[in-house]
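Fold and contact review
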Amino acid sequence: MNLYLLHKPYRMLSQFTDRAPPSGERRATLADVINVPGIYPAGRLDHDSEGLLLLSDDGELIHRISHPRHKQAKVYRVQVEGDPGDKALQALRQGVELGDGMTLPAKVRRLAESGLAERDPPLDPRRHPVTTWLELTIHEGRNRQVRRMTAHVGHPTLRLVRVAIGPWRLDGLAPGEWRRETLHAPATTTKRHRHGRSRDPRGGPTGRRPGDKRGGRR
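For clarity, every value in this text was computed on a predicted model and none was experimentally measured.

**Considering the packing of aromatic side chains**
Inspection of the entire model under this criterion finds 1 aromatic pair. Of note, Arg119 hangs over the ring of Tyr10, and the distance from its end group to the ring centre comes to 4.1 Å.

**Let's talk about the pattern of salt bridges**
Per the counting criterion, the structure on display carries 17 salt bridges. A salt bridge links Arg44 to Asp46; its shortest N-O distance comes to 3.0 Å. The class of Asp46 is buried, set by a relative accessible area of 12%. As a salt-bridge pair, Glu60 and Arg64 come within 3.9 Å of each other at their nearest N and O atoms. Within this pair, Glu60 and its partner Arg64 are both found in helix 1 (residues 59-66), separated by 4 residues, close to a single helical turn. Note on Glu60: relative accessible area 54%, which makes it exposed.

**A word on the nonpolar core**
If you look at soluble globular proteins, the nonpolar side chains tend to sit buried side by side. Ranked by size, the top nonpolar core spans 18 residues in total, and within it Tyr76, Val78, Leu136, Val146 and Met149 carry the most contacts. Of all the elements in the fold, those that place two or more residues in this core are strand 4 (74-81), helix 2 (86-94), strand 8 (131-138) and helix 3 (145-152). Other than its neighbours up to four places away in sequence, Met149 contacts Leu92, Val96, Leu98, Thr103, Ala106, Leu136 and Ile138. In this structure, Leu3, Val75, Trp168 and Leu170 belong to the second largest nonpolar core, which totals 17 residues.

**Brief notes about helix 2**
Within the span of helix 2, buried status applies to Ala88, Leu89 and Leu92. Along the axis of helix 2, the buried residues cluster in a sector spanning 95 degrees; they form a single face. Seen from the open side of helix 2, the exposed residues pointing more than 90 degrees away from its buried face are Asp86, Lys87 and Gln94. Residues of helix 2 that are buried in the fold lie against strand 7 (107-111), strand 8 and helix 3.

**Considering the environment of Gly95**
By the element assignment, Gly95 lies in the loop between helix 2 and strand 5 (97-98). Taking the C-alpha atoms as reference points, Gly95 and Pro105, 10 residues apart in sequence, are found 4.6 Å from one another. In contact with Gly95, not counting residues within four places along its chain, are Met102, Thr103, Leu104 and Pro105.

**Here we look at the side chain of Lys8**
Among the structural elements, Lys8 can be located in strand 1 (residues 2-8). A polar side-chain atom of Lys8 sits 2.6 Å from the main-chain carbonyl oxygen of Met12. Polar side-chain contacts of Lys8 include one of 2.8 Å to the backbone oxygen of Ser49. Setting aside chain neighbours within four positions, we find Lys8 in contact with Leu13, Ser14, Leu45, Asp46, His47, Ser49, Glu50 and Gly51.

**Considerations on helix 3**
Listed in full, the buried residues belonging to helix 3 are Gln145, Val146, Arg147, Met149 and Thr150. For helix 3, the secondary structure elements touched by its buried residues are strand 4, helix 2, strand 5, strand 8 and strand 9 (157-165). Positive backbone phi, approximately 90 degrees, marks Gly154, located one or two places after helix 3.

**Here's the deal with unusual backbone geometry**
The linkage connecting Asp120 with the following residue, Pro121, adopts the cis geometry, with an omega of 5 degrees. Among the structural elements, Pro121 can be located in the loop between strand 7 and strand 8. Although it is not a glycine, Arg11 sits at a positive phi angle of roughly 60 degrees. Assignment of secondary structure puts Arg11 in the loop between strand 1 and strand 2 (40-41).

**Topic: the pairing of strand 8**
With 7 of its 8 residues buried, strand 8 lies for the most part within the structure. Strand direction decides the pairing type here: strand 4 and strand 8, joined by 8 bridges, are antiparallel. Looking across to strand 8, one finds that Lys74 is bridged to Ile138. With 5 bridges connecting them, strand 7 and strand 8 associate as antiparallel partners. Along strand 8, the bridge assignment pairs Arg110 with Leu134.

Cut-offs and rules
- By convention here, each chain's residues receive numbers from 1 onward along its written sequence.
- A pLDDT threshold of at least 70 governs which residues receive local features in this predicted model, and a stricter bar of 80 or more applies before side-chain atom pairs are shown or counted, although totals over entire chains, interfaces and linings include all residues.
- For the side-chain quantities, the full set of heavy atoms in the structure was used; hydrogens and water were omitted.
- Side-chain rings of Phe, Tyr and Trp, where Trp is taken by its six-membered ring, are said to pair if the distance between their centres is within 6.5 Å; with planes under 30 degrees apart they count as stacked, over 60 as edge-to-face, and otherwise as tilted.
- Charges are assigned to positions over rings by a cutoff of 6 Å between ring centre and Lys NZ or Arg CZ, combined with an angular limit of 35 degrees from the ring normal.
- What counts as a salt bridge is simple: a side-chain nitrogen of Lys or Arg found within 4 Å of a carboxyl oxygen of Asp or Glu.
- For every residue, the accessible area (1.4 Å probe, protein chains only) is compared with the maximum for its type, and the residue is labelled buried under 20%, exposed over 50%, or partly exposed between those bounds.
- Helix and strand assignments follow DSSP, with helices taken as H or I runs no shorter than four residues and strands as E runs no shorter than two, numbered in order from the N terminus.
- Here, nonpolar core means buried Ala, Val, Leu, Ile, Met, Phe, Trp, Tyr and Cys residues that are tied together by side-chain atoms lying within 4.5 Å of each other.
- We call two residues in contact when some of their heavy atoms are within 4.5 Å.
- For this quantity, the arc is that covered by the directions from the helix axis to the C-beta atoms.
- As used in this structure description, the phrase polar contact means that two N or O atoms lie within 3.5 Å; if the pair is within protein, one of them must be able to donate a hydrogen and the other to accept it, and residues adjacent in sequence are counted only when both atoms belong to side chains.
- We call two strands paired when DSSP finds no fewer than two bridges between them.

That's the geometry; what it means functionally is another story.
Listed below in structure tokens is the structure:
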């Protein structure tokens, strides 16, 4: 089984076609950065969010990654408005009441720096003079959940980047780049067995930015 790890850029849809484009506007889609027949995303990221998106041509694998029952940990680096105090951070750790119910406890920590490249386009420091980077780990997948959580405690999210899903990490991928990993199933497989995984034996990113003649291999 092949699994594709993609760094979804800012303002790109998590799908291969734009089914409902606004009048006169063409929005970027996954087809602009990865051309592998028959693959589909396991879950999604919002148009204005960035980071790790997993794709596969195996329906069972997609289900195992994306279904809430499996509670894959998702790690986000989040730039929020202002400087959250201990009370706000503790509320996120304990769970907050949203319109669709109480969130599960989250892991939250401050970051001295994001470790990420600047977004294109960058935030305007005149509009947002004070911001803070947080790392949040959650096990749910509600609609715009992290943004709603930080807004609930008084610190709206300005930038959101997913850096990990379960054991898979964004490390080494620039926006628009992808790599392939091959998952090897055991000789005798049951639903209770976990599939091991190994890196592509060629190593490193197998995908490149759009326009690079060495673009990602299929």
